[in-house]
Amino acid sequence: MGSPHWKRLCLLLLAGLTSSLLLYSHYRATVEAPTSQRIIASLLQPGPLVPAPSGTPQGASSRRWALGGSSESGNSLQPSAELEEPEPSRKQPSPCLHSVTARAKADPKFREIFRFNTPVLMWDQHFTLETWNRLKTRHVPYGWQGLSLAVVGSTLQLLNASANRHLFDRAAFSGGCVRCAVVGNGGILNGSRQGKAIDSHHLVFRLNGAVIKGFEEDVGTKVSFYGFTVNTMKNSLISYEEYGFTQIPQGKDLRYIFIPSDVRDYLMLKSAIQGSPVPEGSDKGDDPQKYFGLEASAEKFKLLHPDFLQYLTARFLRSELLNTQYSSLYMPSTGALMLLTALHTCDQVSAYGFITANYEQFSDHYYEVEKKPLVFYANHDMLLEAALWRSLHRAGIITLYQR
Ligand SMILES: *[C@@H]1O[C@H](CO)[C@@H](O)[C@H](O)[C@H]1NC(C)=O
Ligand SMILES: *[C@@H]1O[C@H](CO)[C@@H](O)[C@H](O)[C@H]1NC(C)=O
């Protein structure tokens, strides 16, 4: 309990809480004033943002905005004439019979909770006046309150590849069911010898401090997706360095899933695609290639939709913490968001290293040498998450690894 590592985690948490509270009160003070109107007005005046031309057979609500002017790296983006409805991310039909969707629809409780047509990812076509007006009223990660229109807009504008619209291309898998494993970092995996089983899935999701070297037998080696917020990614590099987590997983076929929990995530994502240092904010000067490797292009990155995060929190993980003074800090854990993302995109989902009823028997993470109790952060509700995994497992919707 009294190890320096544990103390450091507590300090990190405290620092995080304090800065979040400070930021929050600052942002209450600035945002509650009628500034949001002014943000738009002032941005419209010099002309960086113009609504796309109308006249196409489309409601005003789905008019796409485009960035005009040439302040953005000499890359003058003209208002786009083609105005398509954003396509739903789950447009590719699945030939899988025993799928998450089928099982959820057959379950009396989960049938009422799942809404499979909720968009999972966000891409350039979502940058519309309607979306801006709706999301600017909700704080991050559920919206864009207090975020600059220019930052959000210029980031989304870069997510214009077809790969930004779906997590994976179903055509790459020949018929049948697309099977996904989501690997949390829980101590239950120490000595589990689940590596082969994990790697036998078509796609493997990992997150935060996903140490692989030295633990291949227990956790496997395959990484199709790495999920994070800039905050959790950088904290993992600091906290788990001593266990060999010195680099974010990289690879040709690996894709990164950004959780937009802060303006930092939009700024880092934009810089990562552009291959340039972060221009402003608390990560100013950071080189994204240090984290994501040299091969940076829009295809490498996925961005979770704030509406998806809102839907997940409201329907799957509506914590009591939302009724406390910590409500603005609460959000589902990175692991929970990855598992729920897999549940809304894959046909079949296995969860490894997630919290189980007997979590007290295991260390916080699988790579610790001495047993450490699970750290309960004030911004997550791990017991609620444990109950959700248990109940999804009982309903046959996920396979939760337990021992
Ligand atoms: C996406 O946007 C970039 C930058 O504006 C442009 O160079 C590229 O051709 C676009 N890609 C697609 C697929 O439209
Ligand atoms: C993990 O497993 C190894 C080998 O079985 C053991 O020596 C180590 O103490 C375990 N770590 C924890 C934190 O239980």
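Where an unreviewed UniProt entry is consulted, the protein chain appears under the name alpha-N-acetylgalactosaminide alpha-2,6-sialyltransferase, with the organism given as Taeniopygia guttata. The UniProt entry for the protein chain carries this comment under Subcellular location (unreviewed entry): "Golgi apparatus membrane".

(A) A look at the side chain of N208. Residue position: N208 is located in the loop between β4 (203–207) and α7 (216–219). Overall, N208 belongs to the buried group, its relative accessible area being 14%. Engagement of the side chain of N208 in a polar contact is seen with the side chain of T232, the distance being 2.7 Å.

(B) Expanded view of unusual backbone geometry. Of the consecutive residues V140 and P141, the connecting peptide bond is found in the cis state with omega at 0°. Mapped onto the secondary structure, P141 falls in the loop between α4 (129–135) and α5 (149–158). Its identity is not glycine, yet R193 carries a phi of approximately 55°, on the positive side. Its location among the elements puts R193 in the loop between β3 (179–183) and α6 (195–199). With phi around 45°, N208 is a residue other than glycine that occupies positive phi space.

(C) Geometry of the state of the cysteines. Inspection of every chain in the model, using the stated rule, returns two disulfides. Taken N- to C-terminal, the disulfide-bonded cysteines of the protein chain are connected 1-2, 3-4.

(D) Quick peek at the site of ligand 2. The immediate surroundings of ligand 2 are formed by N190, S363, E368, V369, E370 and K371. At a separation of 2.5 Å, an oxygen atom of ligand 2 approaches a polar side-chain atom of N190. Relative to its unbound accessible area of 360 Å², ligand 2 is 44% covered by the protein chains. When its residues are assigned to classes, the shell around ligand 2 shows one nonpolar, two polar and three charged.

(E) Seen up close, the side chain of T118. Structurally, the position occupied by T118 is in the loop between α3 (100–106) and α4. Taking relative accessible area as the criterion, T118 reaches 13% and is therefore assigned buried. With residues up to four places along the chain from it excluded, the contact list for T118 reads D307, F308 and Y311.

(F) Summary view of the environment of L343. Along the chain, the position of L343 falls in helix α12 (residues 334–343). Residues L343 and V182 lie 161 residues apart in sequence; the distance between their C-alpha atoms is 9.7 Å. Residue contacts for L343: discarding those within four places in its chain leaves V100, F114, F116, V349, L392, I397 and I398.

(G) The arrangement of the packing of aromatic side chains in detail. Counted according to the given criterion, the structure contains 27 aromatic pairs. Centroid distance F228 to Y256: 6.4 Å. Interplanar angle 80°. Geometry classified as edge-to-face. Residue F228 is found in strand β5 (residues 225–228), and its partner Y256 is found in strand β6 (residues 255–258); the two are separated by 28 residues along the sequence. We classify F228 as buried; its relative accessible area is 0%. Judged by relative accessible area, which is 0%, Y256 ranks as buried.

(H) Region of interest: the nonpolar core. Residues F114, F205, F292 and W389 are the most contacted members of the largest nonpolar core, which totals 104 residues. Here this core takes seven residues from α12, the largest share from any one element. Residues within four places of F205 in sequence aside, it is in contact with L167, C180, A181, V182, V183, F225, I257, M338, T341, A342 and C346.

(I) Looking closely at the packing of α5 against helix α9 (residues 263–274). Where α5 contacts α9, the two axes come as close as 9 Å, and the packing angle between them is 40°. It follows from the interaxial angle that α5 and α9 lie oblique. When you trace α5 past α9, the crossing you get is left-handed. Side by side, α5 and α9 meet where V151, S154, T155 and L158 of the first sit next to V263, Y266, L267, L269, K270, I273 and Q274 of the second. Residue composition of the contact of α5 with α9, grouped by class: seven nonpolar, three polar and one charged.

(J) Inspection of helix α13 (residues 382–394) at higher detail. With 13 residues, α13 ought to run about 18 Å at 1.5 Å a step, and its terminal C-alpha atoms sit 18 Å apart, in line with that. Structurally, α13 contributes buried residues whose contacts are with α12 and β9 (399–400). Following α13 by one or two positions, G396 adopts a phi angle in the positive range, close to 75°.

Conventions adopted
- Residues numbered from 1 in each chain as written.
- Chains lettered and ligands numbered in written order.
- Predicted model: local features only at pLDDT ≥ 70, side-chain atom pairs only at ≥ 80, totals over all residues.
- Heavy atoms only, no water.
- UniProt positions renumbered as here; feature names shortened; annotations may be inferred.
- Helix = DSSP H or I, 4+ residues; strand = E, 2+ residues; numbered from the N terminus.
- Buried < 20%, exposed > 50% of the residue type's maximum accessible area, 1.4 Å probe, protein only.
- Polar contact = N/O pair within 3.5 Å; in protein donor to acceptor, adjacent residues only side chain to side chain.
- Disulfide = S-S within 2.5 Å.
- Near = heavy atom within 4 Å.
- Areas by Shrake-Rupley, 256 points an atom, 1.4 Å probe, with all protein chains shown as cover.
- Nonpolar A, V, L, I, M, F, W, Y, C, P; charged D, E, K, R; others polar.
- Contact = heavy atoms within 4.5 Å.
- Phe/Tyr/Trp six-rings, centres within 6.5 Å; stacked < 30°, edge-to-face > 60°.
- Core = buried A, V, L, I, M, F, W, Y, C linked by side-chain atoms within 4.5 Å.
- Axes fitted to C-alpha atoms, helices over the stretch in contact; angles between N-to-C directions.
- Parallel < 35°, antiparallel > 145°, perpendicular 65-115°, else oblique.
- Left-handed = near helix turned anticlockwise from the far one by under 90°.
- Expected span 1.5 Å × (residues − 1).

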